[in-house]
Amino acid sequence: MPVIIPQNLPATEILQKENIFVMRKGRAERQDIRPLNIAIVNLMPTKVETETQLLRLIGNTPLQINVDFVHMSTHESKNASKNHLENFYKDFTEIKHKKYDGMIVTGAPVEMLDFEEVDYWDELLQILEFAKTNVYSTLFICWGAQAALYYYYGIDKIVLDKKIFGVFEHKVVKACQIVRGFDDTFFAPHSRHTGWDNLVLSQSKDFDIVATSDDAGVYILVSRDNKFVFVSGHSEYDPYILEQEYQRDKNLGRNINIPYNYYPDDNPNLAPKVKWRSHANLLFSNWLNYHVYQEVPYEN
């Protein structure tokens, strides 16, 4: 079944070429199907790129999904055009009276700032509070997960000795619906300078540690009421995102290592091999199916 998207959204052409089923809003409204209403709070500067990545994953299910993109009105985007935001995005004032079956909050390139120093922090807090009452299940990604864990449970991020950068092996440590069908070991990309204190996480009674990596740390956390899912990495990444980050930092003269376990033989002249695509699809489909679709009341 399709993702319902606005007319002329840039991601449309890419998704159609990949045989991802997308549908215009007008056609969807003529069908007698109750779609899932999902809000995507896109904090990434590369708006179109992130839209495409997430729509690709949530469109790979038998569910019809209606998407609202949300941006921070208190932040001036340097990479997304004003026209794009006006045509395809809402701000919190436009959604605060709505109910959503699910919400996704992305990462953001602000991890080295204290949370309170982020210029849109107060607006994001309104959305996090909104998610407690107006959203059935929320999936938080990377910095979004760090921000939510800090707001909901007072657990701060920590600065790591070195950047976690590459594709890392993970294992499931607690069986639950979000990891249903996962292999014993699976891979996911990470690109971050910050993380969590694993001891602090293990002592909490508010959530369960579901998947971890010996090298990248805790990967998936799920709140005990199943309302919140926190993911520390970027399973949604396209094949060449890590390469683009590597080349960018290299050209800027930054001290950056070759992404771990990404290029064959660690040779940047060779095309990277994708090891995380099946896991990414399963993660998002499990969230939509078990945390949203099968649990949310019909009248929500």
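Residues numbered from 1 in each chain as written. Predicted model: local features only at pLDDT ≥ 70, side-chain atom pairs only at ≥ 80, totals over all residues. Heavy atoms only, no water.

## Observations regarding the side chain of H234
For clarity, the cut-off: Runs of H or I in DSSP of at least four residues are treated as helices and runs of E of at least two as strands, each being numbered from the N terminus. Three labels apply to residues, based on accessible area from a 1.4 Å probe with only protein chains included: buried if under 20% of the type maximum, exposed if over 50%, partly exposed otherwise in between. By the convention used here, residues are in contact when the closest approach between their heavy atoms is within 4.5 Å.
Structurally, the position occupied by H234 is in the loop between β12 (228-231) and α9 (241-251). For H234, a relative accessible area of 3% puts it in the buried group. Excluding residues that lie within four positions of it along the chain, H234 makes contacts with I141, C142 and P189.

## Some points on the pattern of salt bridges
Rules: Any carboxyl oxygen of Asp or Glu that lies within 4 Å of a side-chain nitrogen of Lys or Arg is treated as forming a salt bridge with it.
One pass over the full model with this rule turns up eight salt bridges. With a closest N to O distance of 2.7 Å, D238 and R56 form a salt bridge. Residue D238 is found in the loop between β12 and α9, and its partner R56 is found in helix α3 (residues 47-58); the two are separated by 182 residues along the sequence. Comparing D238 with R56, the two get one shared label, buried. Residues joined by salt bridges that share partners form a network here, namely K163, R248, D249 and R254.

## Thoughts on the packing of α3 against helix α10 (residues 277-293)
To keep it simple, the criterion reads: Structural elements are reduced to axes, namely lines fitted to C-alpha atoms, with helices fitted over the stretch in contact, and the angle between N-to-C directions of any two is expressed from 0 to 180 degrees. Should an angle fall under 35 degrees it is taken as roughly parallel, and over 145 as roughly antiparallel, whereas 65 to 115 is taken as roughly perpendicular and any remaining angle as oblique. Residues are grouped as follows: Ala, Val, Leu, Ile, Met, Phe, Trp, Tyr, Cys and Pro are nonpolar; Asp, Glu, Lys and Arg are charged; every other residue, Gly included, is polar.
Interaxial distance between α3 and α10 falls to 8 Å at its minimum, and their mutual angle equals 65 degrees. By the angle between their directions, the pair α3 and α10 is classed as roughly perpendicular. For the pair α3 and α10, contact is made by L54, L57 and I58 and by A280, N281, F284 and L288, respectively. Residue composition of the contact of α3 with α10, by class: six nonpolar, one polar and no charged.

## Quick notes on α10
Going by this rule: A helix is expected to span 1.5 Å for every residue after the first.
With 17 residues, α10 extends 22 Å between its outermost C-alpha atoms, agreeing within 8% with the 24 Å of an ideal straight helix rising 1.5 Å per residue. Among the 17 residues in α10, twelve count as buried, and that is most of the element. Among the residues making up α10, those that are buried are H279, A280, N281, L283, F284, S285, N286, W287, L288, Y290, H291 and V292.

## Some details on the layout of surface pockets
Basically, it comes down to this: Here a cavity means grid points, on a 1 Å grid over the protein atoms only, where a 1.4 Å probe fits yet cannot get out; a pocket means an open set of points with protein on both sides within 12 Å along at least five of seven lines; lining residues are those with an atom within 4 Å of a point. Grid points are joined across faces, edges and corners, and a volume is the space filled by probe spheres set on the points.
A volume near 1000 Å³ is recorded for the largest pocket. Lining the largest pocket are 39 residues, with K163, S191, H193, E245 and R248 positioned closest to its centre. Elements represented by at least two residues in the lining of the largest pocket include exactly α3, α7 (143-153), β8 (158-172), β9 (185-195) and α9. Forming the walls of the second largest pocket are 21 residues, and the residues nearest its centre are P45, H75, E76, N79 and P109. Residues of the lining of the second largest pocket, tallied by class, amount to eleven nonpolar, five polar and five charged.

## A few points about a negative patch on the surface
Short version of the rule: Only residues whose relative accessible area exceeds 30% and that take part in no salt bridge are eligible for patches, with like-charged residues grouped when within 9 Å of each other and nonpolar side chains (Val, Leu, Ile, Met, Phe, Trp, Tyr) grouped when within 5 Å. Each accessible area is a Shrake-Rupley result for a 1.4 Å probe, and residues are judged covered by the shown protein chains and nothing else. Charge convention: Lys and Arg are scored as positive, Asp and Glu as negative, and His as well as the terminal groups of each chain are ignored. To locate a charge, the coordinates of NZ of Lys, CZ of Arg, CG of Asp or CD of Glu are taken.
The grouping of D114, E116, E117 and D156 at the surface amounts to a negative patch. If you trace the backbone, E117 turns up in the loop between β6 (100-105) and α6 (121-134).

## Focus: unusual backbone geometry
Trans is the common state for peptide bonds, and a negative phi is the common state for residues other than glycine. Positive phi is not limited to glycine here, since C142 has a value of about 50 degrees. With respect to the helices, strands and loops of the structure, C142 is situated in the loop between β7 (135-141) and α7. Not every positive phi belongs to a glycine, and D266 is a case in point at roughly 55 degrees.

## Topic: the environment of S81
Note on placement: S81 falls in the loop between β4 (65-70) and α4 (82-88). Under the relative-accessibility criterion, S81 is labelled partly exposed at 38%.

## Observations regarding the packing of aromatic side chains
Rules: Two aromatic rings from Phe, Tyr or Trp, using only the six-membered ring of Trp, form a pair when their centres are within 6.5 Å; if the ring planes differ by under 30 degrees the pair is stacked, by over 60 it is edge-to-face, and anything between is tilted.
A complete count under the given rule lists 23 aromatic pairs for this structure. For the ring pair F115 and Y150, a centre distance of 4.6 Å and an interplane angle of 25 degrees mean the geometry is stacked. With F115 in the loop between β6 and α6 and Y150 in helix α7, the pair connects residues that are 35 residues apart, well separated along the chain. Classification of F115 as buried rests on a relative accessible area of 2%. When the centroid spacing of 6.3 Å and the interplanar angle of 70 degrees are considered together, the rings of W121 and W143 count as edge-to-face. With W121 in helix α6 and W143 in helix α7, this pair connects stretches of sequence that are 22 residues apart. Of the two residues, W121 and W143, neither departs from the other in class, the shared state being buried.

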